[in-house]
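Spelled out from the first residue to the last, the chains are:
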Amino acid sequence: MQKKRRRRGKTARQRQIENRRRLLRTILAVAGIVVVILIAKRCLGEKGESRAMADGDTPGQPDLDVQLLTVNEFSRPGIPLDHVNGIVVHYVANPGSSAEANRDYFENLQNTQTTKASSHFIVGLDGEIIQCVPTAEIAYASNERNGDTISIETCHPDETGAYNEATYQSLVNLTAWLCKKFGLTSEQVIRHYDITGKICPKYFVENEGAWADFKKDVDNRIENL
């Protein structure tokens, strides 16, 4: 009759190695969960920050693509904007360029350090609106009025600076909504030209009638918000 082989028990060394492996697997699993939670909280936090001063508390908010610039001294200094006394309209002076391209130009200034420039919003050729800076902070757009105004850059298809219908309607909607949000009227909507004499936005400077019509359209939109 064959004798049954006795199974040898694990040595203390083997048990110690297995325990360490189990502990390591547990630590890695917990660390993975923590990383996922931190990433989720960061994303939610950034989204909350980006929208804190940009939506939700007044009717008629247009669709916003919130792509905040990284805080840096060349395009988003993070300086508080304590009170909003006006809205300033600009144009990008780069025919055919997109809102995304202009936003990326502002973002890259922290690397090129060639100038200080930015805007709270950019209205694109398809009517899209990118928000670059929270309305609770200043943007580098309007010279001595940086400290009390919200800036809007506008894209345009050609050298005339004239807007296509999609850009124009989004500009009207955005401007009216900001006026409503901050208790302003169209009289407090100005051009960069009105601050410094710079031909900006070109079409509205060279066509006073178009500027007057724009402000009327803003008034009409405000009344319907």
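Our subject is the structure listed above.
Since this is a predicted model, take the numbers as computed values, not measurements.

Concerning the side chain of Glu153
Examined against the element boundaries, Glu153 turns out to sit in strand β5 (residues 149-154). Lys198 is the oppositely charged side chain nearest to the buried, salt-bridge-free Glu153, at an N-O distance of 7.1 Å. Discounting residues that sit within four places of it in the chain, Glu153 has contacts with His90, Tyr91, Val92, Phe106, Ser119, Phe121, Ile122 and Val123.

Things to note about the packing of aromatic side chains
The way to describe two aromatic rings as a pair is by their centre distance and the angle between their planes. In this structure the tally under the stated criterion is seven aromatic pairs. Ring geometry for Tyr105 against Phe106: centres 5.9 Å apart, planes inclined by 50 degrees, an arrangement best described as tilted. Site record: aromatic cluster; members linked through ring pairs are Tyr163, Tyr168, Tyr203, Phe204, Trp211 and Phe214. When the ring centre of Phe182 is taken as origin, the NZ or CZ atom of Lys181, which lies over that ring, is 5.6 Å away.

Overview of the sheet that holds strand β3 (residues 121-123)
Sheets are built from strands that pair by backbone hydrogen bonding, the pairs being arranged parallel or antiparallel. Taken together, the six strands give an open sheet; going across it, the order is β1-β4-β3-β5-β2-β6, and neighbouring strands pair in mixed fashion. The outermost strands of the open sheet, each flanked by one partner alone, are β1 (65-66) and β6 (189-191). Strand direction decides the pairing type here: β3 and β5, joined by three bridges, are parallel. By the bridge assignment, Ile122 is partnered in β5 with Glu153. Helix α3 (residues 165-182) rests against β2 (86-89), β3, β4 (129-131), β5 and β6 of the sheet, and its axis sits at about 175 degrees to β5. Packing of helix α6 (residues 208-223) onto the sheet brings it into contact with β2 and β6, and relative to β6 it is tilted by some 155 degrees.

Rules of the game
- Residues numbered from 1 in each chain as written.
- Predicted model: local features only at pLDDT ≥ 70, side-chain atom pairs only at ≥ 80, totals over all residues.
- Heavy atoms only, no water.
- Helix = DSSP H or I, 4+ residues; strand = E, 2+ residues; numbered from the N terminus.
- Buried < 20%, exposed > 50% of the residue type's maximum accessible area, 1.4 Å probe, protein only.
- Lys, Arg positive; Asp, Glu negative; His and termini not counted.
- Salt bridge = Lys/Arg side-chain N within 4 Å of Asp/Glu carboxyl O.
- Contact = heavy atoms within 4.5 Å.
- Phe/Tyr/Trp six-rings, centres within 6.5 Å; stacked < 30°, edge-to-face > 60°.
- Lys NZ or Arg CZ within 6 Å of the ring centre and 35° of its normal.
- Pairing = 2+ DSSP bridges.
- Axes fitted to C-alpha atoms, helices over the stretch in contact; angles between N-to-C directions.

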